[in-house]
Amino acid sequence: MASRKHPSRTFSGMSYREVQRSNSTRRSRLPPTDKIWLKTNGYYNVGWDNVTRLYQKINELLAQPDGDDEFTLEQLFLEADRIGQKYQNPEEIAAFNQQMNAEVSAISDLVDQQFPETEVEVIDYSQTSRFQVKTRRNRH
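How each quantity is defined
- Residues numbered from 1 in each chain as written.
- Predicted model: local features only at pLDDT ≥ 70, side-chain atom pairs only at ≥ 80, totals over all residues.
- Heavy atoms only, no water.
- Helix = DSSP H or I, 4+ residues; strand = E, 2+ residues; numbered from the N terminus.
- Buried < 20%, exposed > 50% of the residue type's maximum accessible area, 1.4 Å probe, protein only.
- Areas by Shrake-Rupley, 256 points an atom, 1.4 Å probe, with all protein chains shown as cover.
- Expected span 1.5 Å × (residues − 1).
- Arc of directions from axis to C-beta.
- Contact = heavy atoms within 4.5 Å.
- Axes fitted to C-alpha atoms, helices over the stretch in contact; angles between N-to-C directions.
- Parallel < 35°, antiparallel > 145°, perpendicular 65-115°, else oblique.
- Left-handed = near helix turned anticlockwise from the far one by under 90°.
- Nonpolar A, V, L, I, M, F, W, Y, C, P; charged D, E, K, R; others polar.
- Salt bridge = Lys/Arg side-chain N within 4 Å of Asp/Glu carboxyl O.

A. Examining the overall build of the protein chain more closely. Within the protein chain, the secondary structure is distributed over five helices and two strands. For the protein chain, the α and β elements follow one another from N to C terminus as α-α-α-α-α-β-β. Looking at the protein chain as a whole, 16% of its 140 residues qualify as buried. Roughly 12400 Å² of accessible area belongs to the protein chain as shown, and the carbon and sulfur atoms make up 52% of that amount.

See the structure below:
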């Protein structure tokens, strides 16, 4: 008896394997947070229904505007500094930098007072072994 060949299923003109391949390549272009979200929400690249669902969800995620427009706090401060320097003359910038250096130096001195280094590290290169580190405690 001759077996009838079933017509192959297609999705958007692609076979099962082509949709899987497309999902894999397009998924690699997503940011890591989206990849994790897909995995935790049950979007898999195995099984016809799962493959088509994943294809559609990847389309949605790729169509969304990038989250690159969001700035970190550090980027915001740098941008504010760059914009602010447009409106300052070189003398004002130099005065600010001098004041900032004085503040940083004062903070550094306070940290050194509160957390003094009591160990001195000496490396003796005259020995035959590779490195020998000796530590001594300084007494005030």
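Here the narrative resumes, following the displayed structure.
B. Spatial organisation of unusual backbone geometry. Of note in this structure, Ser 12 is not a glycine but carries a positive phi near 55°. With respect to the secondary-structure elements, Ser 12 resides in the segment before helix 1 (16-27). Assessed through its relative accessible area of 57%, Ser 12 is described here as exposed.

C. Structural view of helix 1. End to end, helix 1 covers 16 Å across twelve residues, agreeing with the expected 16 Å (1.5 Å per residue, within 8%). Val 19, Gln 20, Ser 22, Asn 23 and Arg 26 are the residues of helix 1 that are buried. One side of helix 1 holds all its buried residues, which, seen down the axis, span an arc of 165°. Seen from the buried face of helix 1, the exposed residues on the opposite side, beyond 90 degrees, are Arg 17 and Arg 21. Turning to helix 1, the residues buried within the fold contact helix 3 (48-63).

D. Up close: the packing of helix 2 (residues 32-40) against helix 3. Look at helix 2 against helix 3: their axes get within 12 Å of each other, and the N-to-C directions meet at 150°. In terms of orientation, helix 2 and helix 3 fall into the roughly antiparallel class. For the crossing formed where helix 2 meets helix 3, the hand is right-handed. Here Asp 34, Trp 37 and Leu 38 of helix 2 lie close against helix 3, whose contacting residues are Leu 54, Lys 57, Ile 58 and Leu 61. For the contact of helix 2 with helix 3, the residue count by class is five nonpolar, no polar and two charged.

E. Geometry of the pattern of salt bridges. One pass over the full model with this rule turns up two salt bridges. Measuring nitrogen to oxygen at the nearest pair gives 3.1 Å for the salt bridge that ties Lys 57 to Glu 60. With Lys 57 and Glu 60 both in helix 3 and three residues apart, the pair spans about one turn of that helix. Accessibility expressed as a relative area gives 17% for Lys 57, which makes it buried. Residue classification places Glu 60 among the partly exposed residues on the basis of a relative accessible area of 45%. A salt bridge links Arg 82 to Glu 79; the nearest nitrogen and oxygen atoms lie 2.5 Å apart. Of the two residues, Arg 82 and Glu 79 both sit in helix 4 (residues 73-86), three residues apart, roughly one turn of that helix.

The values reported here are purely geometric and, on their own, carry no functional implication.
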